[in-house]
Amino acid sequence: MNNKCVVLNAKKMNFDGKLDFSVLSSDVTVYDDTTNEELPGRIQGADIIVTKEMPVSAEMIQRFPESVKLICEAGTGYNNIDLEAARKKGITVCNIPAYSTERVAHTAIMMILNLSSTMQVQMKMLANGNHDNFTKNLQVPHVEVNGKTLGVIGAGHIGKKVIKIAQALDMNILVYTRTPGEDEKGIRYVSLKELLEHSDYVSLHCPLTESTKHMINKETLKLMKPSAFIINTSRGALIDEAALIEALKNGKIAGAGLDVQETEPPKETSPLYTMENVLLTPHMGWKGLETRKRLVSILADNIKNFLAGNPKNVVSEV
């Protein structure tokens, strides 16, 4: 096998032009974006395909030339790739499980701290020329996070990092995960129901699968405290967005911090842009320059190891 590598949608990662994809291979072709119509011509003779959150359907994979032996998803989630179709085609799929751990964890904690101070409302007041928070008593809720309970759903790399930082803030931790660990000081493993009922903040850190899609929905939202906040820095479709908006409008929960949304970007008509109890960011958790440089470095390492016959970070092998 040669090592011809094609990056199909580099602009998703390299929106500022500061990344160097030449480290991926001695023969690399980079496209800012690729349509379904452009795809067949661009991957002719390619051995390695690199994508970032780009839908790669079974139909697309069936059209891949026989030369393609590896698909590299340039990120943690790989629900955008039809793994079964890749397996049938004899194509290995790998991802990058831990390139953005710290930055995504920091984003979740940032949202917890900002929501606890109603910071999104304070910033809007300033933008509108309203200085009441300075000239009068503080006009918005402002609460401590120490002593509060954080519920963490999913205890992988990012979930564990969030737990570590939250413990430094003297928060109590509840964890719901498929493989519960042993309770330890300040950390208890519980059911999803118990976590939602007793948490002041709920932070999502699990992959998007058939079983986790809309795990936060109209029924599970009813379990949460009216004073509780939900944080999602993982995958937008973990939450039924329509149900969340209804709960936020009706005061069923206090607020939400959403770095990911069910549709990205949200439609221009989405109420999430203007709701005062929502902190909305544009999937920024992985977009820091240091994080993206680390992403490219791990991509190069994945490719190097695959070519050497020792594939790493494999999510679907032949």
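Residues numbered from 1 in each chain as written. Predicted model: local features only at pLDDT ≥ 70, side-chain atom pairs only at ≥ 80, totals over all residues. Heavy atoms only, no water.

Going by an unreviewed UniProt entry, the chain carries the name Glycerate dehydrogenase and comes from Treponema berlinense. The UniProt entry for the chain carries the following text under Sequence similarities (unreviewed entry): "Belongs to the D-isomer specific 2-hydroxyacid dehydrogenase family." (UniProt positions renumbered as here; feature names shortened; annotations may be inferred.)

In terms of regular secondary structure, the chain is built from 11 helices and 13 strands. Taking 2.2 N^0.38 as the reference for a compact globule, 318 residues should give roughly 20 Å; the C-alpha atoms of the chain span a radius of gyration of 21 Å, in line with that estimate. Across the 318 residues of the chain, 49% fall into the buried class. For the chain, contacts bridging at least 24 residues in sequence account for 61% of all contacts bridging at least 6. Accessible surface, the chain as shown: approximately 15400 Å² in total, 50% of it carbon and sulfur. Put simply, the chain has 36 plus and 37 minus side-chain charges, and the middle of one group is 2 Å from the middle of the other. (Helix = DSSP H or I, 4+ residues; strand = E, 2+ residues; numbered from the N terminus. Rg over C-alpha atoms; globule rule 2.2 N^0.38 Å. Buried < 20%, exposed > 50% of the residue type's maximum accessible area, 1.4 Å probe, protein only. Contact = heavy atoms within 4.5 Å. Areas by Shrake-Rupley, 256 points an atom, 1.4 Å probe, with all protein chains shown as cover. Lys, Arg positive; Asp, Glu negative; His and termini not counted. Charge placed at Lys NZ, Arg CZ, Asp CG, Glu CD.)

Looking now at the UniProt feature "domain: D-isomer specific 2-hydroxyacid dehydrogenase NAD-binding" (unreviewed entry) in the chain. Within this numbering scheme, the UniProt entry marks residues 109-285 as carrying the feature "domain: D-isomer specific 2-hydroxyacid dehydrogenase NAD-binding" (unreviewed entry). Within residues 109-285, the helical portion is 30% and the strand portion 16%, while the C-alpha atoms at the span's ends are 11 Å from each other.

Let's shift gears to helix α4 (residues 101-116). Under the 1.5 Å per step criterion, the end-to-end length of α4 is 23 Å for 16 residues, consistent within 8% with the ideal 22 Å. Along α4, the positions that sit buried rather than exposed are T101, V104, A105, T107, A108, I109, M111, I112, L115 and S116. Where α4 ends, the next residue or the one after it, T118, has phi of about 50°, a positive value. (Expected span 1.5 Å × (residues − 1).)

Per the UniProt record, "domain: D-isomer specific 2-hydroxyacid dehydrogenase catalytic" (unreviewed entry) is annotated on residues 25-315. In residues 25-315, helix accounts for 33% and strand for 15%; the two terminal C-alpha atoms are 21 Å from one another.

Bringing the pattern of salt bridges into the picture now. Per the counting criterion, the structure on display carries 12 salt bridges. The salt bridge involving K12 is made with E53; its shortest N-O contact spans 3.6 Å. Taken as a pair, K12 in the loop between β1 (4-7) and β2 (27-30) and E53 in the loop between β3 (48-51) and α2 (58-62) lie far apart in primary sequence, 41 residues in all. Among the residues examined, K12 registers a relative accessible area of 36% and is labelled partly exposed. In this structure, R42 and E38 form a salt bridge, with 3.6 Å as the shortest nitrogen-oxygen distance. Each of K12, K52 and E53 takes part in a single network of salt bridges with overlapping partners. (Salt bridge = Lys/Arg side-chain N within 4 Å of Asp/Glu carboxyl O.)

Attention now goes to the packing of α4 against helix α7 (residues 157-168). At their nearest, the axes of α4 and α7 sit 9 Å apart, and the two run at 50° to each other. The angle between α4 and α7 places the two elements in the oblique class. Crossing hand, α4 versus α7: right-handed. Here T101, E102, V104, A105, H106, A108 and I109 of α4 come into contact with α7, specifically with H157, I158, K161, V162, I165 and A166. For the contact of α4 with α7, the residue count by class is 8 nonpolar, 3 polar and 2 charged. (Axes fitted to C-alpha atoms, helices over the stretch in contact; angles between N-to-C directions. Parallel < 35°, antiparallel > 145°, perpendicular 65-115°, else oblique. Left-handed = near helix turned anticlockwise from the far one by under 90°. Nonpolar A, V, L, I, M, F, W, Y, C, P; charged D, E, K, R; others polar.)

The extent of an interface is frequently quoted as the accessible surface area lost upon association of the parts. Partitioning the chain into domains gives domain 1 (5-99 + 288-308) and domain 2 (100-280). With centres defined by C-alpha atoms, the gap from domain 1 to domain 2 works out at 31 Å. Listed per partner, the contact involves 7 residues of domain 1 and 6 residues of domain 2. Counting across the domain 1 and domain 2 interface gives 0 salt bridges. For the interface between domain 1 and domain 2, the tally reads 2 residue pairs in polar contact (both at pLDDT 80 or more). By residue class, the composition of the side of domain 1 that touches domain 2 is 3 nonpolar, 4 polar and no charged. (Domains from an automatic or database assignment. Polar contact = N/O pair within 3.5 Å; in protein donor to acceptor, adjacent residues only side chain to side chain.)

So, on to the nonpolar core. Membership of the largest hydrophobic core comes to 30 residues, with the highest contact counts inside it found for I153, V202, I216, L221, M224, I230 and L244. Looking at this core, the elements with two or more residues in it are α8 (192-198), β9 (201-204), α10 (241-249) and β11 (255-258). Per-element tally for this core: the top contributor is α10, with 5 residues. Non-local contacts of L244, meaning those with residues more than four positions away in its chain, are made with L221, I230, I239, I253, A256 and L258. By size, the runner-up hydrophobic cluster in this structure holds 23 residues, among which are A105, I109, I112 and I231. (Core = buried A, V, L, I, M, F, W, Y, C linked by side-chain atoms within 4.5 Å.)

Here we come to the side chain of N302. The residue N302 is located in helix α11 (residues 289-307) in this model. The exposure class assigned to N302 is buried, which follows from its relative accessible area of 1%. If we skip the residues at most four places from it in the chain, N302 touches C94, N95, I96, K312 and N313.

With that settled, consider the pairing of strand β10 (residues 229-232). Of the two faces of β10, the one carrying F229 and I231 and the one carrying I230 and N232 are both buried. Summarising the sheet, β9 and β10 pair through 4 bridges and their orientation is parallel. Each residue of the ladder has a partner; that of S203, found in β10, is I231. Pairing of β10 with β11, which is carried by 4 bridges, proceeds in the parallel orientation. Paired with I231 across the strands is G257, a residue of β11. With α10 bridging β10 and its parallel neighbour β11, the resulting β-α-β unit is right-handed. (Pairing = 2+ DSSP bridges. Right-handed = clockwise from strand over helix to strand, strands pointing away.)

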